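Residue-level structure breakdown
Residue-level listing of the chains:
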Amino acid sequence: MAITLKINGKNENVTAAEGTPLLWVLRDHLGMTGTKFGCGVAQCGACTVHVDGTPIRSCITAHEDVEDSDIVTIEGASGKVADAIRGAWEELAVPQCGYCQAGQIMSATALLVTNKSPSDDDIDAAMSGNICRCATYVRIRKAIKEAAKAVY
Ligand code: FES
Ligand code: FES
């Protein structure tokens, strides 16, 4: 089936079988490999993107279900919150292997857009779906707080 998806502000024409996960459309059809495959069953968060501002798992989201939505991937994450998150990530050297970090950044950005001063509990709740095998959780929490201070 052929549909048009709005990704990072741009209309993208996509031809893929019905039910093809958004993750594979991004990576294989559009060459946007910043969004990662981890588990494929909504358990790790590596594939997190925003759909109308909400973080979702693109590995279990059929691409045709987000036809009328604004999709933002790590490649298109922009604005003061995303910039502050990126800056804090860099300053605190958050990533280790880096594999999970695109998903972490997408979840962290969504959190900070809606919560100007997240507590540890808020952060843990918002980030609980993003697994890091390198256990960078302490730095992630610190970076989110640094970013909050920088933005608000
Ligand atoms: S790849 Fe989607 S949650 Fe793990
Ligand atoms: S930085 Fe290695 S999995 Fe998170």
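Before reading on, note that the structure itself is shown above.
Procedures and definitions
- Residues numbered from 1 in each chain as written.
- Chains lettered and ligands numbered in written order.
- Predicted model: local features only at pLDDT ≥ 70, side-chain atom pairs only at ≥ 80, totals over all residues.
- Heavy atoms only, no water.
- Axes fitted to C-alpha atoms, helices over the stretch in contact; angles between N-to-C directions.
- Helix = DSSP H or I, 4+ residues; strand = E, 2+ residues; numbered from the N terminus.
- Parallel < 35°, antiparallel > 145°, perpendicular 65-115°, else oblique.
- Left-handed = near helix turned anticlockwise from the far one by under 90°.
- Contact = heavy atoms within 4.5 Å.
- Nonpolar A, V, L, I, M, F, W, Y, C, P; charged D, E, K, R; others polar.
- Pairing = 2+ DSSP bridges.

1. Description of the packing of helix α2 (residues 80-91) against helix α3 (residues 101-114)
The geometry of α2 relative to α3 is characterised by a closest axis approach of 9 Å and an angle of 130 degrees between their N-to-C directions. For the element pair α2 / α3, the angle class is oblique. At the point where α2 passes α3, the crossing takes the right-handed sense. Residues Val81, Ala82, Ile85 and Trp89 of α2 lie in contact with α3, whose contacting residues are Gln101, Gln104, Ile105, Ala108, Thr109, Leu112 and Val113. Within the contact of α2 with α3, the residues separate by chemical class into eight nonpolar, three polar and no charged.

2. What to know about the sheet that holds strand β1 (residues 2-7)
An order of β2-β1-β5-β3-β4 is seen for the five strands of this open sheet, with the pairing classed as mixed. Looking at which strands have only one partner, the edges of the open sheet turn out to be β2 (10-15) and β4 (54-57). The sheet shows a mean angle of 40 degrees between the axes of neighbouring strands, direction not considered. In the packing of α3 onto the sheet, the strands contacted are β3 (48-51), β4 and β5 (70-72), and the crossing angle to β3 comes to about 35 degrees.

Honestly, it's all geometry; don't read function into it.
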